[in-house]
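# Architecture and fold: a report
The residues making up each chain are set out below.
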Amino acid sequence: EGSAEFPPEPIQADLVQGTVFEDRSFEFGKTYRYVIRTVGSAQNPYAESLPSEILSVETRDTFPPSPPENFHAIRQEGSIILLWAPSASADVAGYRIYRQDKASAVRVLLQKELITIFNHRDSQLEGQYTYAIQAVDAHGNESALVSAEVEAR
């Protein structure tokens, strides 16, 4: 990241052998600009070519988090208690839970805001329901849905 000033700072101390380099120190949400220079030899690292054209790379996280695990719906005194183990992904911002009535097949989001704890109570009328949960990361990527069924009486 930075301006178009030259010479740019090297991002590693060692010379790269071959034609592939992986920058593992980047952060999502930033734009990086890369140039390449050919070096004469390891013995004479100051004999360099002119820089290549600038390659600009905007980094975006498009990777969905892993879903939560062990999702259970338990009937308890007129409510449904939903419990789960957190997603293994480090950048999870919270969870979305949906309830689907088995009779009408209508699915509704239980809470507009992300749920940030690992349980939720749904005070629901009688019926048969399927609940589904997904993890949402800090960049808005959503995991696959995980389901649990329960009959409320």
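Before going into details, it helps to say that this report is about the structure given with it. (Residues numbered from 1 in each chain as written. Predicted model: local features only at pLDDT ≥ 70, side-chain atom pairs only at ≥ 80, totals over all residues. Heavy atoms only, no water.)

### Here we look at the overall build of the protein chain
What counts here: Put simply, DSSP marks the helices as runs of H or I at least four residues long and the strands as runs of E at least two long, and each gets a number from the N terminus on. Computation of the radius of gyration draws on C-alpha atoms alone. For the globule rule, the value is 2.2 Å times the number of residues to the power 0.38. Burial here depends on accessible area, computed with a 1.4 Å probe over protein chains only, as a share of the maximum for the residue type. Under 20% is buried, over 50% is exposed, and the range in between is partly exposed.
Counting secondary structure elements, the protein chain contains 0 helices and 9 strands. Traced from its N-terminal end to its C-terminal end, the protein chain shows the element sequence β-β-β-β-β-β-β-β-β. Rg of the C-alpha trace for the protein chain: 25 Å, well past the compact-globule value of 15 Å for 153 residues, more than 25% over. In terms of overall dimensions, the protein chain has a C-alpha envelope of 80 × 25 × 20 Å along the principal axes. A burial count over the protein chain gives 24% of its 153 residues as buried.

### A look at unusual backbone geometry
A positive phi angle is found at glutamate 77, which is not glycine, with a value near 45°. One can find glutamate 77 in the loop between β3 (69–76) and β4 (79–85). Even without a glycine there, the phi angle at alanine 105 is positive, about 65°. Within the secondary structure layout, alanine 105 lies in the loop between β5 (92–101) and β6 (107–109). Residue alanine 105 is classed as partly exposed on the basis of its relative accessible area, which comes to 48%.

### Some words on the packing of aromatic side chains
Note on aromatic pairs: each is described by the distance of the centres and the angle between the planes. Rules: Here the aromatic set is Phe, Tyr and Trp, taking the six-membered ring for Trp, and pairing holds for ring centres within 6.5 Å; pairs whose planes are under 30 degrees apart are stacked, those over 60 apart are edge-to-face, and all others are tilted.
All chains considered together, the criterion is met by 7 aromatic pairs. Connected via pairs of aromatic rings, a cluster forms that spans Phe71, Trp84, Tyr95 and Phe118.

### Notes on the pattern of salt bridges
A side chain with one charge may pair with a side chain of the opposite charge, provided their charged atoms come close. The cut-off we apply is this: By convention in these notes, a salt bridge is any Lys or Arg side-chain nitrogen within 4 Å of a carboxyl oxygen on Asp or Glu.
The tally for this structure, following the rule as stated, stands at 6 salt bridges. Across the pair glutamate 27 and lysine 30 runs a salt bridge, and its minimum N-O distance is 3.5 Å. In this structure lysine 30 comes out as partly exposed when scored by relative accessible area, which is 27%. Taking the shortest distance from any N to any O, the salt bridge between glutamate 149 and lysine 102 comes out at 3.0 Å. Pair noted here: glutamate 149 is in strand β9 (residues 146–152) and lysine 102 is in the loop between β5 and β6, with a separation of 47 residues, a long-range link. A relative accessible area of 53% means that glutamate 149 is categorised as exposed. Residue lysine 102 is classed as partly exposed on the basis of its relative accessible area of 43%.

### Some remarks on the sheet that holds strand β7 (residues 119–122)
The criterion, for reference: For two strands to pair, DSSP has to find at least two bridges joining them. Axes here refer to lines fitted to C-alpha atoms; in helices the fit is confined to the stretch in contact. Angles between the N-to-C directions go from 0 to 180 degrees.
Spatially, 3 strands are ordered β3-β4-β7 in an open sheet, and the strand pairing comes out antiparallel. Single-partner strands in this sheet number two, and they are β3 and β7. Taken over all neighbouring pairs, the strand axes of this sheet differ in orientation by 15° on average, direction set aside. Of the strand pairs in this sheet, β4 and β7 are connected by 4 bridges, and their pairing is antiparallel. Its bridge partner lying in β7, leucine 82 is registered against histidine 120.

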